[in-house]
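# Observations on chain architecture
Read off the chains here:
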Amino acid sequence: MTDYKAVAADTLNIVEKYIDSDGWKQWKQSNGLTMVYKESSDFDGRVYKSSFELDVSPDVIVDLVWDINKREKWQSCVPSNGGLECVERINKDLIVLRSVSVPQMKGLIGSRDFIDVYGRHDYPDNQGTVIYWRNTTHTMYSNSIKGYVRGHNYPSAIFVYSVDGNPNKTRGINIFQIDGHLRPRIITDKFLPNLQFDMFADLKKVLKDMI
């Protein structure tokens with residue numbers, strides 16, 4: 001039986017190390033999101049780090065990302081009904097999550113499904129929150145469902161902080177690495193980073209709609 005708490009602790013440790021690491025190369029900057037990358041220490045692929053600032057409370061961002069019922073309504077790469085499923089709740093800050101993606105590039109890239117530990121950690125003294133995830137296994141979904149290719153998320157996260165103590169301004173840093181089983185690799189390296197830009201655009205849109 002998988003020790004999900006141990007997987008979560010290890011994932012948190014890995015993404016925190018990525019935040020403080022060097023050796024990043026510039027990838028792209030667009031519409032308020034800046035992205036860098038380097039070769040991953042976890043698999044044969046790239047890990048991406050993106051950063052942004054938004055004029056909204058960090059609590060709002062955390063709520064939109066952590067609450068999977070809200071998240072599947074605004075994130076365009078998952079179906080709006082059933083795209084995110086809590087397979088098992090470990091405790092209030094940790095679940096096993098199944099997520100599915102919609103087809104991309106006019107169907108050239110088919111739907112994927114992922115089984116992840118999905119956790120949240122609040123740093124003491126209001127120093128920020130991190131929501132993190134990583135592939136795992138679960139008996140309910142030991143095999144990929146027909147119509148989906150099983151993808152793998154390697155240690156990934158979104159760190160959310162207030163900017164200079166301002167409770168209404170947020171700095172976010174994403175660590176993102178995924179093996180969607182796309183070949184050749186050049187397709188992966190060109191396509192996957194765009195998911196982060198799409199997610200950021202979706203986030204800004206839902207925040208605008210909330211005003």
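Structure first, text after, so check above.
Residues numbered from 1 in each chain as written. Predicted model: local features only at pLDDT ≥ 70, side-chain atom pairs only at ≥ 80, totals over all residues. Heavy atoms only, no water.

### Thoughts on empty space enclosed by the protein
A complete count under the given rule lists 3 cavities of 30 Å³ or more for this structure. Taken as a whole, the second largest cavity encloses approximately 50 Å³ of empty space. Together, L33, F52, I158, N174, Q196, M199, F200 and L203 line the second largest cavity. The element best represented in the lining of the second largest cavity is helix α4 (residues 185-210), accounting for 4 residues. Grouping the amino acids of the lining of the second largest cavity by side-chain chemistry returns 6 nonpolar, 2 polar and no charged. (1 Å grid on protein atoms, 1.4 Å probe; cavity = no way out; pocket = protein on both sides within 12 Å on 5 of 7 lines; lining within 4 Å. Points joined across faces, edges and corners; volume = space filled by probe spheres on them. Helix = DSSP H or I, 4+ residues; strand = E, 2+ residues; numbered from the N terminus. Nonpolar A, V, L, I, M, F, W, Y, C, P; charged D, E, K, R; others polar.)

### Concerning the environment of I115
Examined against the element boundaries, I115 turns out to sit in strand β6 (residues 112-122). Sequence separation between I115 and Y141 is 26 residues; the distance between their C-alpha atoms is 7.8 Å. In this view, I115 contacts V96, L97, R98, R134, N135, T136, T137, H138, Y141 and R150; residues no more than four positions away in its chain are not counted. (Contact = heavy atoms within 4.5 Å.)

### Topic: the nonpolar core
The biggest cluster of nonpolar side chains holds 35 residues, and the ones touching the most others in it are L54, I61, Y118, I131 and L203. In terms of residue count, the dominant contributor to this core is α4 (9 residues). Ignoring anything within four residues of it in the chain, the contact list for L203 reads L54, I61, L64 and W74. By size, the runner-up hydrophobic cluster in this structure holds 23 residues, among which are V15, Y18, V117 and A157. (Core = buried A, V, L, I, M, F, W, Y, C linked by side-chain atoms within 4.5 Å. Buried < 20%, exposed > 50% of the residue type's maximum accessible area, 1.4 Å probe, protein only.)

### Here's the deal with the layout of surface pockets
Put simply, the largest pocket is a space of about 300 Å³. Lining the largest pocket we find 14 residues, and of these P58, N126, Q127, G128 and S162 sit closest to its centre. Residue classes in the lining of the largest pocket are distributed as 6 nonpolar, 6 polar and 2 charged.

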